[in-house]
Amino acid sequence: MTRATLIKTIWVLFMSLFLSVQGLSQAHAAANGGTEHKHEGVICAVALVAAEQTALTPPLPFASPPEIAQTPLWQPLVERNLPRTFDGRAPPPRAPPTL
Ligand SMILES: [Zn+2]
């Protein structure tokens with residue numbers, strides 16, 4: 001057995017032990033309902049830890065930021081109501097034909 005294989009084997013055994021203890025402690029806390037209980041006259045610490053974690057509250061939802069009123073980037077066209085004349089471009093007035 002090489003050294004790398006030995007390290008990997010120890011690592012797998014350690015992780016399986018860690019996960020097993022976590023699962024067993026959570027199963028024990030769930031079996032007792034997270035309440036305080038005793039084993040042979042000694043208060044169980046696993047249930048006390050589980051009871052503290054049940055007091056977590058969900059985070060509040062994010063509030064959308066308030067909308068800021070912006071001035072428009074364009075100005076409305078002001079329409080002037082002046083009388084329109086075409087005197088400068090109109091031809092000179094004609095007289096009636098003289099015959
Ligand atoms: Zn217990």
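On a predicted model such as this, the values are computed, not experimentally measured, just so you know. (Residues numbered from 1 in each chain as written. Predicted model: local features only at pLDDT ≥ 70, side-chain atom pairs only at ≥ 80, totals over all residues. Heavy atoms only, no water.)

This next bit is on the overall build of the chain. Along its length, the chain carries two helices and two strands. Secondary structure elements of the chain, listed N to C terminal, follow the sequence α-β-β-α. Taking all 99 residues of the chain together, 4% fall into the buried category. If you sum the accessible surface of the chain, you get close to 10400 Å²; carbon and sulfur atoms cover 65% of it. (Helix = DSSP H or I, 4+ residues; strand = E, 2+ residues; numbered from the N terminus. Buried < 20%, exposed > 50% of the residue type's maximum accessible area, 1.4 Å probe, protein only. Areas by Shrake-Rupley, 256 points an atom, 1.4 Å probe, with all protein chains shown as cover.)

Binding of the zinc ion to the protein goes through His-28 (NE2), His-37 (NE2), His-39 (NE2) and Cys-44 (SG), at separations of 1.8 to 2.3 Å. Each of the four donor atoms around the zinc ion contributes to a set of angles spanning 96 to 116°, which defines the coordination as tetrahedral. Look at where the donors of the zinc ion fall in the sequence and you get H-x8-H-x1-H-x4-C. (Donors = N, O, S within 2.8 Å, 3.2 Å for Na, K, Ca; no water. Tetrahedral: all angles 85-135°; square planar, octahedral: opposite > 155°, others 65-115°.)

Tallying each qualifying case throughout the model produces one aromatic pair. On the numbers, 6.3 Å between centres and 35° between planes, the contact of Trp-11 with Phe-14 is tilted. With a gap of three residues between them, Trp-11 and Phe-14 both fall in helix 1 (residues 3-31), about one helical turn apart. Note on Phe-14: relative accessible area 47%, which makes it partly exposed. (Phe/Tyr/Trp six-rings, centres within 6.5 Å; stacked < 30°, edge-to-face > 60°.)

Its 29 residues place the ends of helix 1 42 Å apart at the C-alpha level, agreeing with the 42 Å of an ideal helix rising 1.5 Å per residue. Just past helix 1, the residue Gly-33 takes up positive phi, approximately 75°. (Expected span 1.5 Å × (residues − 1).)

What follows is about the UniProt feature "signal peptide" (unreviewed entry) in the chain. Within this numbering scheme, the UniProt entry marks residues 1-29 as carrying the feature "signal peptide" (unreviewed entry). Secondary structure over residues 1-29 splits into 93% helix and 0% strand, and the C-alpha atoms at its two ends are 40 Å apart. (UniProt positions renumbered as here; feature names shortened; annotations may be inferred.)

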